[in-house]
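The lines below spell out each chain.
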Amino acid sequence: MSTFSEVRRAEVARRASHRCEYCHLPTQGQVATFPIDHILPRRIGGTNEFENLAFTCPHCNAHKWTGVEGIDPNTGETVPYFHPRRDLWFDHFQWSLEQPGELVGRTAVGRATITGLEINDVEMVALRVLLAELGLSPGILR
Ligand SMILES: [Zn+2]
């Protein structure tokens, strides 16, 4: 387990606008410290360089762990997970119009990331709806 200085942690959080770079859960209203993810895990050569670090909620971090790819549930194809430095979030994800709080993958990368990180876990969806109702997570409820 890596530890980062408070300065580095604050830089990573600021770059991410203080929300998970995968599911966009904001830190506001959360009691748990958001971990810093190595986008490319250290065990396969990832470094502590700023560009390899992502701000994640505990849920996404626990499910991504050392993963770098997942399966697109639509095609069964193995594809890379969403890469917070190379990919644009809105290219790969959108909030569901039918199911408030659910994230929809617009691409194979988005779908594999949602599935692999269990982003639509029922408790996480309920949390996102609650935060949106409190005005802490704009964009989820329309
Ligand atoms: Zn997350």
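Structure shown above.
Residues numbered from 1 in each chain as written. Predicted model: local features only at pLDDT ≥ 70, side-chain atom pairs only at ≥ 80, totals over all residues. Heavy atoms only, no water.

### Comments concerning the overall build of the protein
If you tally the helices and strands in the protein, you get five helices and six strands. Traced from its N-terminal end to its C-terminal end, the protein shows the element sequence α-β-β-α-β-β-α-β-β-α-α. With respect to the principal axes defined by its C-alpha atoms, the protein has extents near 40 × 35 × 20 Å. For the protein, restricting intrachain contacts to residue pairs at least 6 apart in sequence, the fraction spanning at least 24 positions comes to 57%. (Helix = DSSP H or I, 4+ residues; strand = E, 2+ residues; numbered from the N terminus. Contact = heavy atoms within 4.5 Å.)

### Things to note about the nonpolar core
Core analysis: the largest hydrophobic core is formed by 30 residues, its most contacted members being Cys20, Tyr22, Leu25, Cys57, Cys60 and Ile119. Among the secondary structure elements, those contributing two or more residues to this core are α1 (6–15), β2 (53–55), β5 (93–95), α4 (108–116) and α5 (122–133). If we ignore the near neighbours within four places in the chain, the residues touching Cys57 are Cys20, Cys23, Leu25, Phe34, Pro35 and Met124. (Core = buried A, V, L, I, M, F, W, Y, C linked by side-chain atoms within 4.5 Å. Buried < 20%, exposed > 50% of the residue type's maximum accessible area, 1.4 Å probe, protein only.)

### Brief notes about the pattern of salt bridges
Summed over all chains, the structure comprises five salt bridges. The residue Arg85 makes a salt bridge to Glu21 at a minimum N-O spacing of 2.5 Å. Here Glu21 lies in the loop between α1 and β1 (36–38) and Arg85 lies in the loop between β4 (78–80) and α3 (89–92), a separation of 64 residues in the sequence. The partly exposed category is assigned to Arg85, whose relative accessible area is 22%. (Salt bridge = Lys/Arg side-chain N within 4 Å of Asp/Glu carboxyl O.)

### A few points about unusual backbone geometry
If a residue is not glycine, its phi is most likely negative; likewise, a peptide bond is most likely trans. Its identity as a non-glycine residue notwithstanding, Ser17 has a phi of 55°, on the positive side. Note that Ser17 resides in the loop between α1 and β1. Here His18, not a glycine, exhibits a phi torsion of approximately 60°, which is positive. Within the element layout of this structure, His18 appears in the loop between α1 and β1.

### Examining the layout of surface pockets
Approximately 220 Å³ is the volume found for the second largest pocket. Around the second largest pocket, the lining is made up of 14 residues, and of these Ala16, Arg19, Glu21, His24 and Trp89 lie nearest the centre. (1 Å grid on protein atoms, 1.4 Å probe; cavity = no way out; pocket = protein on both sides within 12 Å on 5 of 7 lines; lining within 4 Å. Points joined across faces, edges and corners; volume = space filled by probe spheres on them.)

### Re the coordination of the zinc ion
In this structure, Cys20 (SG), Cys23 (SG), Cys57 (SG) and Cys60 (SG) serve as the protein donors to the zinc ion, at separations of 2.3 to 2.4 Å. Angles of 105 to 115° at the metal separate the four donor atoms of the zinc ion, which places the site in the tetrahedral class. Each donor residue of the zinc ion belongs to the same chain, with the gaps between them written as C-x2-C-x33-C-x2-C. Cys20 sits in the buried class, given a relative accessible area of 0%. (Donors = N, O, S within 2.8 Å, 3.2 Å for Na, K, Ca; no water. Tetrahedral: all angles 85-135°; square planar, octahedral: opposite > 155°, others 65-115°.)

### Structural notes on the environment of Leu53
One can find Leu53 in strand β2. The sequence separation of Leu53 and Ile36 amounts to 17 residues, and the corresponding C-alpha distance is 6.3 Å. Dropping the residues within four chain positions of it, Leu53 is found in contact with Phe4, Arg8, Val12, Arg15, Glu21, Ile36, Asp37, His38, Ile39, Thr47, Asn48 and Arg85.

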